[in-house]
Amino acid sequence: MLSDEQIRHYHEEGYVIPDYRVPQETISNIREHHTRFLESHPHFTDYCPALFIHDASFVQYAQDNEILDMVEQLIGSNFAIWNSSFFAKPANVGTRTPWHQDGEYWPIRPLATCSVWLAIDDSNTSNGCLEFIPKSHRNRQLSAHHTNNADGLALPLELDEDTFNPAESVAIELEAGQMSLHDIFLMHASEPNRSALPRRGMTMRFMPTTSVYRRTLNSGYTRKLDEQRPIYLMRGEDVSQENELIHIPQ
């Protein structure tokens, strides 16, 4: 579990890298699972925004009690997982993720999510690791974003240049099995993978059930995803009593 100092770091800096590592056997299973997934869904070779919609069995990896204990320490005892994504970044061609805040995309009100970013391969500055701007979450506000439809981007929304200073960023280098946890308002990005090795990362998005997933809030492509997402209760109960939650047998 997280120490008091690590919990403080999460709340003050916006992220934490725990001591816990997912067993290598599990990481190998995820790699194999992802390979099988791509055989059926080759268009998700670089990025899949919603794994549970296409393969609900990926939820098994979010049932790691050590991960759930840490999430509970950060967002309370009543929470659900509403999404898991794969940011695969294949060797030599992996896309760039522009500077953004997660909450700009998500129809959760009030905005609240702890994202677990699990390294399936080693993730470092040579292959496009995550970069965070510490403390950028602290005003609990979304800064101005604009649409960027340029080729080579994993996501279409990008922070306006005058809203952040990339020189303040820190690179989050992780070995396979390590993870970072970050806040919904934290500014972050990643560079393309120009190395000869893959850089696969899997996210798990946990929200406290005091918040509500408003499926009809967005429009267009995002709205379609929102309407389809299965949301699984991981611990506790739906405090809001407004979410459509799937109960996983214990």
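Now for a quick tour of the structure. (Residues numbered from 1 in each chain as written. Predicted model: local features only at pLDDT ≥ 70, side-chain atom pairs only at ≥ 80, totals over all residues. Heavy atoms only, no water.)

**Quick look at the sheet that holds strand β4 (residues 97–101)**
Pairing between sheet strands relies on hydrogen bonds along the backbone, with the strands arranged either parallel or antiparallel.
Now for step 1: The strand order β4-β12-β7-β10 describes an open sheet built from four strands, whose pairing is antiparallel. In this open sheet, the two strands that pair with only one neighbour each are β4 and β10 (170–172). In this sheet, adjacent strand axes meet at a mean angle of 25 degrees when their direction is disregarded.
Now for step 2: Bridge count for strand β7 (residues 130–132) against β10 is three bridges, and the pairing is antiparallel. Opposite Glu 131, over in β10, you have Ala 171 as the bridge partner. (Pairing = 2+ DSSP bridges. Helix = DSSP H or I, 4+ residues; strand = E, 2+ residues; numbered from the N terminus. Axes fitted to C-alpha atoms, helices over the stretch in contact; angles between N-to-C directions.)

**Observations concerning the packing of aromatic side chains**
Now for step 1: Applying the stated criterion to the full structure yields ten aromatic pairs.
Now for step 2: Consider the rings of Trp 82 and Trp 106, whose centres lie 4.7 Å apart with planes at 75 degrees: the pair is edge-to-face. Placement of Trp 82 in strand β3 (residues 79–87) and of Trp 106 in the loop between β4 and β5 (108–109) is noted, with a sequence separation of 24 residues between them. One exposure class covers both Trp 82 and Trp 106, and it is buried. (Phe/Tyr/Trp six-rings, centres within 6.5 Å; stacked < 30°, edge-to-face > 60°. Buried < 20%, exposed > 50% of the residue type's maximum accessible area, 1.4 Å probe, protein only.)

**Here we look at the pattern of salt bridges**
Now for step 1: Here the structure, examined in full by the defined rule, presents 15 salt bridges.
Now for step 2: Of the charged contacts, one joins Arg 205 and Asp 102 as a salt bridge, the two residues approaching to 3.4 Å between their closest N and O atoms. Here Arg 205, found in strand β13 (residues 201–208), pairs with Asp 102, found in the loop between β4 and β5; they are 103 residues apart in sequence, far enough to count as distant. In this structure, Arg 205 and Asp 102 share a single accessibility class: buried.
Now for step 3: Here Glu 244 makes a salt bridge to Arg 215, at a shortest N to O gap of 3.5 Å. (Salt bridge = Lys/Arg side-chain N within 4 Å of Asp/Glu carboxyl O.)

Shape is all these values report; function is a separate question.
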